[in-house]
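Observations on chain architecture
Here is how the chains run, residue by residue.
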Amino acid sequence: MNQQLSSLAFAGNAMPASDRLAELVRMTQQSKEVTKQSSASDTDENVYRQMRELTGSARPENSDVPYPLTKEEALVFVESKLKITSAETLVADDRLKFLELVVEKVKKFIPFTNMIHHLSKPMWEIDMDTLKDWMLSGKGGVCWMINPVIKALLECFGYKAYNIPGYLPWGGISDIHICTIVEDAAYPGSRHLVDPGTQRDFAAVALDFGAESPENRFHHTTMKFFREGDKVTLCSQIKVAKPDDRYVIFDSSGNPWKRLLTYVLSERRNWHPYYRIVQDQIRKIILAGGQHDPPFNGLVFYAYLPGEETVIHILAFHDRIVENRYYRDGTTRKSNLSKAALLQFLSDRFPQYSGKELSDVFQICPFY
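Now for a quick tour of the structure.

Conventions we followed
Residues numbered from 1 in each chain as written. Predicted model: local features only at pLDDT ≥ 70, side-chain atom pairs only at ≥ 80, totals over all residues. Heavy atoms only, no water. Helix = DSSP H or I, 4+ residues; strand = E, 2+ residues; numbered from the N terminus. Buried < 20%, exposed > 50% of the residue type's maximum accessible area, 1.4 Å probe, protein only. Contact = heavy atoms within 4.5 Å. Areas by Shrake-Rupley, 256 points an atom, 1.4 Å probe, with all protein chains shown as cover. Pairing = 2+ DSSP bridges. Salt bridge = Lys/Arg side-chain N within 4 Å of Asp/Glu carboxyl O. Disulfide = S-S within 2.5 Å. Phe/Tyr/Trp six-rings, centres within 6.5 Å; stacked < 30°, edge-to-face > 60°. Lys NZ or Arg CZ within 6 Å of the ring centre and 35° of its normal.

1. A closer look at the overall build of the protein chain
Helix and strand counts for the protein chain stand at 12 helices and 14 strands. Across the 368 residues that make up the protein chain, the buried fraction comes to 53%. By sequence separation, contacts in the protein chain at least 24 residues apart represent 60% of the contacts at least 6 residues apart. Entry remark: accessible area of the protein chain is about 16,400 Å², with carbon and sulfur atoms responsible for 49%.

Here's what the structure looks like:
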């Protein structure tokens, strides 16, 4: 399979991107019984290497692919979906405040969800207009859908921004996540980490701290960042931990913090939509049927309830649908839902999704 993939990747770009990706997915699907024998990390390494060869999107010498967002579209999105008025005046008055407001409102109004992964059309057949419409209509998405749009939006308002990669503590593969660095928002030379496209709730974070950041209270969670060389790691506060737990960092006072996500500050990533589409699709095929968490074998939905300060986090996988509700005072509520109850809940509370889209998700998503 590796030889086949390499031949396809280096055959040049004469074949349309969607055709090359469809062929790559087909090859992967044919070989999934072989690849399933490999460890998850070996499989990921192979997939990500092939993705880099296919698209070149992670190669620093390539130019960034501009996201096709106009200033007019950015203004409409900010006002109608993020509920921010007089955007240009806000930018002129206080660039940092506007940046912080955009991140806050994206988390509040735009769901983090992998619903689009489970529509009737294969991921590699979804065109750019569909991806863009999905975001601008407030339906949300995962990191590679949300964060590039926010980067483009900020650029429309004159901000300097670029993408960087991140990885989960148990993975170590730096292309599993994509987020944004914004420069000069507070003062010349300042840098802020902006990551509304994640299942975490935090603001634009100033990167001017040393070994560890101050504690930050973001909605229901207390968080802190730790610097390790060219990386910073987002951690949540925990009460106790074993001294040898590799997923834990101890702060300067000896308090334990759980690793959530590590960002690689020194690596810029050029955004490429097809790179992210095929990355998700191939991993979904390879891991299909295994005991893996969303977004590869189920549904994930993280959002504020409309008109409330309550965060909901729904995970549907392994024949279970679990809803967690988080409140600002730190209390939580966990419950199990039926498929019918979840469908009714999403239909009632999140009208941006059509009946057809919800029907596709619930018919195709392999979770129940």
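Here the narrative resumes.
2. Observations concerning the sheet that holds strand E14 (residues 332–336)
Sheet architecture is open: five strands sit in the order E1-E11-E12-E13-E14, paired in antiparallel fashion. Only two strands of the sheet have a single partner each, and these edge strands are strand E1 (112–113) and E14. Taken together, the six bridges between strand E11 (residues 299–304) and strand E12 (residues 311–317) define a ladder with antiparallel strand orientation. Along E12, the bridge assignment pairs Tyr304 with Val311.

3. What to know about the pattern of salt bridges
In total, this model carries 15 salt bridges according to the counting rule given. Residues Glu228 and Arg259 are paired through a salt bridge, measuring 3.2 Å at the closest nitrogen-oxygen approach. On the criterion of sequence distance, the pair formed by Glu228 in strand E7 (residues 221–228) and Arg259 in strand E10 (residues 256–264) is long-range, its members being 31 residues apart. Owing to a relative accessible area of 18%, Arg259 belongs among the buried residues under this scheme. Arg333 is the salt-bridge partner of Glu323, the closest N and O atoms lying 3.9 Å from each other. Taken together, the residues Glu323 in strand E13 (residues 320–326) and Arg333 in strand E14 connect sequence positions 10 residues apart. Residue classification places Glu323 among the buried residues on the basis of a relative accessible area of 3%. Among the ionic contacts, a cluster of salt bridges with common partners joins Lys160, Glu183, Asp184 and Arg268.

4. Remarks on the state of the cysteines
Taken as a whole, this structure holds zero disulfides when the rule is applied. Cys143 forms no disulfide, and the closest cysteine sulfur to it belongs to Cys179, at a distance of 8.7 Å. You can call Cys179 buried: its relative accessible area is 0%.

5. Let's talk about the packing of aromatic side chains
Counted by the stated rule, this structure contains 10 aromatic pairs. An aromatic cluster is present here, built from Trp134, Phe301, Phe345, Phe350 and Tyr353 joined pairwise through their rings. Arg227 extends its terminal NZ or CZ atom over the ring of Phe209, reaching a point 4.7 Å from the ring centre. Stacked on the ring of Tyr162, the Lys or Arg Arg268 has its end atom at 3.6 Å from the ring centre.

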